[in-house]
Amino acid sequence: MIQLPQLIFEISRNGKIGHGLGASKVPAEPALDSGQIRAEIADFPQVSEVEIVRHYMALARLNYSLDAGFYPLGSCTMKYNPKINEKLAAAEEFQAHPYAPHDLVQGNLELMIRLEDWLVALTGLAGFTLTPAAGAHGEFTGMLIIRKYLQEKGDPRRVVLIPDSAHGTNPASAHFAGYEIREIPSSAEGIIDVDGLRPYLNSDVAALMMTNPNTLGIFEKNILAIAAALHANGSLLYMDGANLNALLGVVRPGDLGVDVMHINLHKTFATPHGGGGPGSGPVGVAAHLLPYLPVPRVVKDGDKYGVIYDSPYTIGRIKNFYGQFLVIIRALAYLCSLGRENVRRVAEDAVLNANYIRKKLEGMLDLPYHTATLHEVVFSDKNLPVKTLDIAKRLLDYGFHPFTIYFPLIVHGAMMIEPTETESKETLDEFIAVMDKILQEAREQPELLRQAPQQTPLRRLDETLAARKPVLKWRKGENL
Amino acid sequence: MRYLPLTDIEREEIKKTIGIDDTKELFKSIPADKSYFDLSAIPPALSEPELIAAFKELGRKNSFQEYLSFLGAGAYAHFIPEVVSYLSAKGEFLTPYTPYQPEVSQGNLQAIFEYQTMMTMLTGLDVANASLYDGGTAAAEAVLLAVRKSGRQRVLLAESLHPEYIAIIRAYVQNLPIELVTVNLNKQDGRVDLRDLQTKLNGATAAFIFQSPNFLGLVEDSGALAIASHQQQVYAIQVVTEAMSLAYLRPAADFAVDIVVGEAQSFGLSLGFGGPYLGFMTAKEEFLRQMPGRIIGQTKDLDGKRGYVLTLSTREQHIKREKATSNICSNEAWCALRAGIYLATMGKEGLARAASSSHLNAAYFVKKVASLPHVKVVYKRNFYNEVLLEIKKGTASAFLAVLKKNKILAGVPLDWFYPDVTNRVLLAFSEVHSREDIDRLLRLMGECA
């Protein structure tokens, strides 16, 4: 039985020291009035170095992680994070100050241009900004670009169309860019069809935000016709590239009529998710939108690299400095390791693995859409004696992280499974066998699933209590 | 390829199971004339040794590390204890996803709960979120938060905010019905012009957002600014770009500031050429249900044991979609975890030492530089760890170029941000600078005359 660690504040003792900082050798002559200087921080931790290590190692043991096992979260692309990339990103020579004179950071600037070149080659778009901090930040940036472009043409328009299968960030991002959202229903095939789209197209429509392949794992096969219909209407096509892993080296979104797209370096390009970030969400655009990209822009000038801080049509600055630079290093290292020999194999293996799981599970679970799928597959809990949540929690007892649950919203009790290409067939077979076993348990002893998990350090946590009476920090004597 | 575990035999087995002969069949929904594009423009794969060599080569094109640096202006060099790097690099912390399954994520959840607690201790405010992208976007989110909470659409921005932060706020609200009004700097003391603030405050104003220590390094009179704002029921938002100052200066809560946001890169994150960093947000309790970003809360499990979960998620995009308080999904969770490790390791005594040392080094420089005839400290009072220096003859860039030849980066020239200001330099000091470093800077500045 794993012992639950105390909070760092609870192991703190007066007088313990965890740091090795030396004493200051300048005179202790503050230049501020004593009224501007704070008293000591009450109850701030005092813990020795060895106890710090033990505390965090105890916490580490409570985490499931990609390094520990299979993580089939749909649309999250939990692929293996190469270890060499961590070492490269931590190298001292890349840790410059962001305002260092450009001649002292030519390597860093070159590195960013090299990743941009890779992204251009893989997407067929004209140019990229690497500054957005995450996928949703990229969506927001993309929407600002679209709006500014249309505004320059005389009318920013009012509406952005978003399919009902879209991730929640899409409507939120478009909303913060000043747009109204209109939801487009998916067809019986689980995609957008042109005839279904047409009634929504009018002079108010700025853009359609399309995830492709969509969150059902289905490629939007009408994309060329959709792009043509949008463009004829003076509207733009935004592609959410969260699922680019399915298309890597197979098709370039720029060849499909896409005007703007973001990609997630922490998904497709194997940078670690870090328990929820940092991510990185570069945005690529077709040629007519290049002038609107955010600043700063790294540029190559002869054999030197420089930075442009302002340009006449830019949407402005959306993040400090140059973006998530250390994430950018990891993504470039990943792509250099793959090379032309392997980029396509990433998509192929990811799609093979997902279809293998689909084939093996489709006899056991309800498959709401029978359309061919790429890198992920979504099942529903229809006709099951238990809920999706119960199956997910039971998976924890068998040592697997669950798939994404209850998303997309258009599938009842959705179970969204994305294995990625970095899982072996042996792992997939184990997962499939465990799912078979769990579904048998569901029929024979459903209570077992409703009581799951049993094997984890904590059992089901009361989220209602957490939200109703929020306890968001430790307070002396109050967090028992 | 070592990241692709399927063997050719297994690929064949999978194809057979799913009933295809050729992998291409899986992609047949993609327009045929567009798929399987020519890959010849893509560079060939590098072996692991070749990869290391290629990045060494890129690293060699950087020479920043050879310089003694006094650069700051929103990104600060501070000492990072080795345990911080060691622990935060553990795969158990680096490679999980967002903790949607709390039963197997207690490590991250508890670590960030501890981080939230320490951030509230530092600012004195009631609640902290689990992170935002960086200081600039945190400032923009704070503006949106105040607008949502107040129902008012006018926001005052201090001229002495970091220019990048102002730019980010402007970009964020460019399509929203929010009016931004600048409150001038009082050039006499380098801080907010209180009279100008009072003139511009009115009953239609949602918030006044200022930075302290401000972009010129000066500690604002937060109390006076908050009082003036509150007289018109306007929220006072303080931005902090140098989080280390939180451990030295009177906390914002003492001055009734409503929201404190900013950049916590100083808490254990490497300079990293600007990112990833750590946006933080702390606020009075009344803002809680309108706050953006993830929040970790304490609860109990089925057996009554204490545990932690993501909470108040009805604010968020995956539930509320376009009505969410923010579009943020991936945040800077690992950076927050790392900052928590840093704060716990430095502890009450170590953090106070680093924070006071940063100020004392700046104070030492200001005292000593007074003897140099060709430069002048513009504001001799109210600075924390950054000092604005005026070059009496010639331009700042010429002055800096001479020092650079001597392997010193003696600050950020202000013309980087304000093209007209050609004779001023902003220097940042911290505990990483020894007395000898500062003496060397002074000596070489002396020789610049």
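A. Inspection of the overall build of chain B at higher detail. A tally of helices and strands in chain B yields 13 helices and 17 strands. Each principal axis of the C-alpha atoms in chain B carries an extent, and together these give about 80 × 55 × 50 Å. In chain B, which comprises 449 residues, the share counted as buried stands at 59%. Contacts in chain B between residues at least 24 apart in sequence constitute 72% of all its contacts with a sequence separation of at least 6.

B. Here's a closer look at the overall build of chain A. Scanning chain A from terminus to terminus reveals 13 helices and 12 strands. For a compact globule of 480 residues, the expected C-alpha radius of gyration is about 23 Å, and chain A comes in at 25 Å, within 12% of that figure. Principal-axis analysis of the C-alpha atoms places the extent of chain A at approximately 75 × 70 × 45 Å. Looking at the 480 residues of chain A, the share that counts as buried comes to 58%.

C. Highlighting the domain arrangement of chain B. Residue and element names in this part refer to chain B. Under the domain assignment used here, chain B contains domain 1 (65–79 + 347–447) and domain 2 (82–342). Taking only C-alpha atoms into account, the centre of domain 1 sits 27 Å from that of domain 2. Residue-level contacts link 23 residues of domain 1 with 24 residues of domain 2. Of all the secondary-structure elements, those providing two or more residues to the side of domain 1 that touches domain 2 are helix H11 (333–369) and strand S14 (386–391). Of the residues forming the side of domain 1 that touches domain 2, the biggest block, 7 residues, is contributed by H11. Considering only residue class, the side of domain 1 that touches domain 2 consists of 15 nonpolar, 7 polar and 1 charged.

D. Main features of the domain arrangement of chain A. When cut into domains, chain A gives domain 1 (8–61), domain 2 (84–336) and domain 3 (347–464). The C-alpha centroid of domain 2 of chain A is placed 42 Å from the C-alpha centroid of domain 1 of chain A.

E. Quick peek at the interface of chain B and chain A. Contacts between the two partners involve 162 residues from chain B, matched on the other side by 166 residues from chain A. Sorting elements by how many residues they give to the side of chain B that touches chain A places H11 of chain B first, with 22 residues. Of the residues contributing to the side of chain B that touches chain A, the split by class is 85 nonpolar, 49 polar and 28 charged.

F. Representation of unusual backbone geometry. The amide bond that connects Phe407 of chain A to the next residue, Pro408 of chain A, takes the cis arrangement and shows omega of 0°. Of note, Pro408 of chain A is situated in the loop between strand S11 (404–405) and strand S12 (415–417). With an omega of -10°, the peptide bond running from Ser212 of chain B to Pro213 of chain B counts as cis. Of note, the phi angle at Asp43 of chain A is positive, near 65°, even though the residue is not glycine. In this fold, Asp43 of chain A is placed in the loop between helix H1 (8–11) and helix H2 (49–61). Even without being a glycine, Tyr36 of chain B presents a positive backbone phi close to 50°. With respect to the helices and strands, Tyr36 of chain B occurs in the loop between helix H1 (8–18) and helix H2 (48–60). A tally of 14 C-beta atoms within 10 Å means that Tyr36 of chain B is categorised as partly exposed.

G. Molecular detail of the pairing of strand S4 (residues 205–211) of chain A. Residue and element names in this part refer to chain A. Counted residue by residue, S4 has 7 buried out of 7 residues, so it is predominantly covered. Two strands pair when backbone bridges link them, and strand S2 (residues 159–163) and S4 are joined in this way by 3 bridges, in the parallel orientation. Following the sheet pairing, Leu161 is matched in S4 by Leu208. The parallel pair S4 and strand S5 (residues 236–241) is bridged by helix H8 (residues 223–232), and the resulting crossover is right-handed.

H. Inspection of the packing of helix H5 (residues 106–123) of chain B against H11 of chain B at higher detail. Residue and element names in this part refer to chain B. Where H5 contacts H11, the axes come no closer than 8 Å and their chain directions differ by 65°. The element H5 and its partner H11 pack so that their crossing is left-handed. Side by side, H5 and H11 meet where Asn108, Ala111, Ile112, Glu114, Tyr115 and Met118 of the first sit next to Ala333, Ala336, Leu337, Ala339, Gly340 and Leu343 of the second. Broken down by class, the residue content of the contact of H5 with H11 amounts to 9 nonpolar, 2 polar and 1 charged.

I. Main features of helix H9 (residues 325–361) of chain A. Residues and elements named next belong to chain A. Helix length check: H9 (37 residues) gives 40 Å between terminal C-alpha atoms against 54 Å at 1.5 Å per residue, more than 12% under. At Gly339, H9 shows its largest kink, close to 100°. Within H9, 30 of the 37 residues are buried, which leaves the element mostly enclosed by the surrounding structure.

J. Examining the sheet that holds strand S10 (residues 279–283) of chain B more closely. Residues and elements named next belong to chain B. Spatially, 7 strands are ordered S2-S10-S9-S8-S7-S3-S4 in an open sheet, and the strand pairing comes out mixed. Either end of the sheet is taken by a strand with one partner, and the two such strands are strand S2 (127–128) and strand S4 (179–183). In the sheet, S2 pairs with S10 via 2 bridges, with the strands oriented antiparallel. Residue pairing for S10: Ala128 is matched across the bridge by Thr282. Running at roughly 160° to S4, helix H7 (residues 163–173) makes contact with strand S3 (154–158), S4 and strand S8 (235–240) of the sheet. Set on the sheet, helix H9 (residues 222–231) makes contact with strand S7 (205–211) and S8; between it and S8 the angle comes to about 150°.

Rules used throughout
Residues numbered from 1 in each chain as written. Chains lettered and ligands numbered in written order. Predicted model: local features only at pLDDT ≥ 70, side-chain atom pairs only at ≥ 80, totals over all residues. Helix = DSSP H or I, 4+ residues; strand = E, 2+ residues; numbered from the N terminus. Buried ≥ 20, exposed ≤ 12 C-beta atoms within 10 Å, placed from the backbone. Contact = placed C-beta atoms within 7 Å. Rg over C-alpha atoms; globule rule 2.2 N^0.38 Å. Domains from an automatic or database assignment. Nonpolar A, V, L, I, M, F, W, Y, C, P; charged D, E, K, R; others polar. Pairing = 2+ DSSP bridges. Right-handed = clockwise from strand over helix to strand, strands pointing away. Axes fitted to C-alpha atoms, helices over the stretch in contact; angles between N-to-C directions. Left-handed = near helix turned anticlockwise from the far one by under 90°. Expected span 1.5 Å × (residues − 1). Bend = angle between axes of the 7 residues up to and from the residue.

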